[in-house]
Amino acid sequence: MLQTSTLDFLKQLSANNHRDWFMANKKAFEAAKKDFESFIQEIINGLGTFDEGVKDLKAKECVFRIYRDVRFSKDKSPYKTNFGAGMSKGGKKMSLAGYYLHLEPGGKSFLAGGIYMPEPTLLNAVRQEIDYNTEEFVKILEDKDFKKHFGKLSDIKLKTAPKQYPKDHPYIELLKHTSFIGECQLKDEVFTCKDAVQKIVTTFKALHPLNTFLNRVATDVSAKA
């Protein structure tokens, strides 16, 4: 579980998002970061019991920096008000399907997984795989554990049919997707309960079949590149 002080630090940072406050509270940041990394390592260890691709990851390979890139943003706040970690084979920078944890107090925390906004070659390949193996893909989405935790794929999709597919395709709504993501919100108290890691790992496990399907395609695309 996470220490309540870690959530408190993020709350205070949200209210004081400027360099002077951050530097005056650098020790609190370092403690919160260390706590979060330890928490993520426990989650990685849990994921490794069913996903071989992530079992050897280290938390430092997965946790995102708290410093914002403000070069092209109207919001010049220097720091993110969340901690985040992306866990896929190779760490947070890989384009493979994986698991994402977003910690942001105030009801803004969530878990997610899958592939977000894949580049065109991979997107077309995923659509083709869904078209060729629709029954397998639908079975993944209809699984009771996936539906319990995530409900359905996030609605990140085109308004019209992709040009490669007819508008009357029986599964055109699936093929409209431009991301293939499962997402669920988490309350703050989940992170500080004694079985926090177990709860999160159990939720992520429901994403594993989706990630396996997507990574089968991503690996093939990468091999052909």
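None of the values given here were measured: they were computed from a predicted structure.

1. Digging into helix α10 (residues 196-205)
- Those residues of α10 that sit buried are A196, V197, I200, V201, T203 and F204. For α10, the arc enclosing every buried residue in end-on projection is 160°, short of the 170-degree limit, so these residues lie on one face.

2. What about the sheet that holds strand β1 (residues 83-87)?
- Strand order in this open sheet of four strands is β1-β2-β3-β4, and the pairing throughout is antiparallel. The open sheet terminates on both sides in strands that have one partner only, identified here as β1 and β4 (180-186). Across this sheet, the average inter-strand angle for adjacent strands is 15°, counted without regard to direction.
- The sheet contact formed by β1 and strand β2 (residues 98-103) spans five bridges and is antiparallel. Residue pairing in the sheet places A85 in a bridge with L101 of β2.

3. Focus: the pairing of β2
- Summarising burial for β2: five of the six residues are buried, a large majority.
- Summarising the sheet, β2 and strand β3 (residues 109-115) pair through five bridges and their orientation is antiparallel. Pairing of Y100 across the sheet is with A112, part of β3.

4. Quick notes on the packing of helix α5 (residues 120-132) against helix α11 (residues 208-224)
- Two numbers describe how α5 lies on α11: the axes approach to 9 Å, and their chain directions differ by 130°. By the angle class used here, α5 and α11 are oblique. Every pair of crossing elements has a handedness; the one defined by α5 and α11 is right-handed. Two secondary-structure elements touch here, α5 through T121, L122, A125, V126, E129 and I130 and α11 through F213, L214, R216, V217, A218 and V221.

5. Here we look at the nonpolar core
- F9, I40, I43, M87, L101 and F204 are the most contacted members of the largest nonpolar core, which has 68 residues in total.
- Here this core gets eight residues from one element, more than from any other, and that element is helix α3 (residues 26-47).
- In this structure, I43 is in contact with M87, L101, V197, I200, V201 and F204, ignoring residues within four places of it in sequence.

6. Regarding the environment of G106
- Summarising the element assignment, G106 is placed in the loop between β2 and β3.
- Considering only alpha carbons, one finds G106 and L10, 96 residues apart in sequence, at a separation of 9.9 Å.

7. Structural notes on the layout of surface pockets
- Volume-wise, the largest pocket comes out at about 530 Å³.
- Contributions of two or more residues to the lining of the largest pocket are made by β1, β2, β3 and β4.
- Lining the second largest pocket we find 23 residues, and of these K89, L96, A97, N215 and T219 sit closest to its centre.
- Residue assignment for the lining of the second largest pocket shows that the elements contributing at least two residues are β2 and α11.
- Broken down by element, the residue count for the lining of the second largest pocket peaks at nine residues, all from α11.
- In the lining of the second largest pocket, the residues fall into nine nonpolar, 10 polar and four charged.

8. A closer look at the side chain of E37
- Among the structural elements, E37 can be located in helix α3.
- Those residues in contact with E37 that sit more than four places away from it in its chain are A59, K60 and V63.

What counts and what doesn't
- Residues numbered from 1 in each chain as written.
- Predicted model: local features only at pLDDT ≥ 70, side-chain atom pairs only at ≥ 80, totals over all residues.
- Heavy atoms only, no water.
- Buried < 20%, exposed > 50% of the residue type's maximum accessible area, 1.4 Å probe, protein only.
- Helix = DSSP H or I, 4+ residues; strand = E, 2+ residues; numbered from the N terminus.
- Arc of directions from axis to C-beta.
- Pairing = 2+ DSSP bridges.
- Axes fitted to C-alpha atoms, helices over the stretch in contact; angles between N-to-C directions.
- Parallel < 35°, antiparallel > 145°, perpendicular 65-115°, else oblique.
- Left-handed = near helix turned anticlockwise from the far one by under 90°.
- Contact = heavy atoms within 4.5 Å.
- Core = buried A, V, L, I, M, F, W, Y, C linked by side-chain atoms within 4.5 Å.
- 1 Å grid on protein atoms, 1.4 Å probe; cavity = no way out; pocket = protein on both sides within 12 Å on 5 of 7 lines; lining within 4 Å.
- Points joined across faces, edges and corners; volume = space filled by probe spheres on them.
- Nonpolar A, V, L, I, M, F, W, Y, C, P; charged D, E, K, R; others polar.

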